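Results of the structural survey
Here is how the chains run, residue by residue.
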Amino acid sequence: MPANQQLAELMNLSQGRLKLQDERKGKFVRPAVGDWLGSPQGSFRIKVVGSGDKPF
């Protein structure tokens, strides 16, 4: 998938699954899809909320 298409999907993502480098996985929701608008130049920050063991 082209990078610009991946970015568009991330910008509109409202829930998903996170996999960390140590293979731990968790489900998350993203309360506001417009949260990336305040990201510093050159980065893409979003806020996710999850439950369960670390990292949530």
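Shown above is the structure to which this text applies.
Report follows, based on the coordinates.

1. Structural notes on the pattern of salt bridges
Taken as a whole, this structure holds 3 salt bridges when the rule is applied. In this structure, the salt-bridge partner of lysine 19 is glutamate 23, at a minimum N-O distance of 3.1 Å. When the shortest N-O distance is used, the salt bridge between arginine 24 and aspartate 22 registers 2.8 Å. With a relative accessible area of 37%, arginine 24 lands in the partly exposed category.

2. Section: the sheet that holds strand S1 (residues 15–19)
Reading across from one edge, S1-S2-S3 is the order of the 3 strands in this open sheet, with antiparallel pairing throughout. Where the open sheet ends on each side, the last strands, each with one partner, are S1 and strand S3 (49–50).

3. Considerations on the pairing of strand S2 (residues 25–29)
Alternating positions in S2 separate cleanly, Gly26 and Phe28 being buried on one face and Lys25, Lys27 and Val29 remaining unburied on the opposite face. Bridge count for S1 against S2 is 5 bridges, and the pairing is antiparallel. Each bridged residue has a counterpart across the sheet, and for leucine 18 the counterpart in S2 is glycine 26. Following S1, the chain reverses through 5 residues before pairing antiparallel with S2; glutamate 23 in that reversal takes a positive phi of roughly 80°. As defined by bridge partners, S2 adjoins S3 across 2 bridges and the pair is classed as antiparallel. Across the sheet, the residue bridging to phenylalanine 28 is glycine 50, located in S3.

Rules and cut-offs
Every residue gets a number counted from 1 within its own chain, in the order that chain's sequence is written. A pLDDT threshold of at least 70 governs which residues receive local features in this predicted model, and a stricter bar of 80 or more applies before side-chain atom pairs are shown or counted, although totals over entire chains, interfaces and linings include all residues. To obtain the side-chain values, all non-hydrogen atoms of the structure were used and water was disregarded. What counts as a salt bridge is simple: a side-chain nitrogen of Lys or Arg found within 4 Å of a carboxyl oxygen of Asp or Glu. Per-residue accessibility, obtained with a 1.4 Å probe over protein chains only, is compared with the maximum for each type, and a residue is labelled buried under 20%, exposed over 50%, and partly exposed between these values. Strand pairing is defined by DSSP finding a minimum of two bridges between the two strands. Under the DSSP-based scheme used, a helix requires at least four consecutive residues in state H or I and a strand at least two consecutive residues in state E, with every element numbered from the N terminus.

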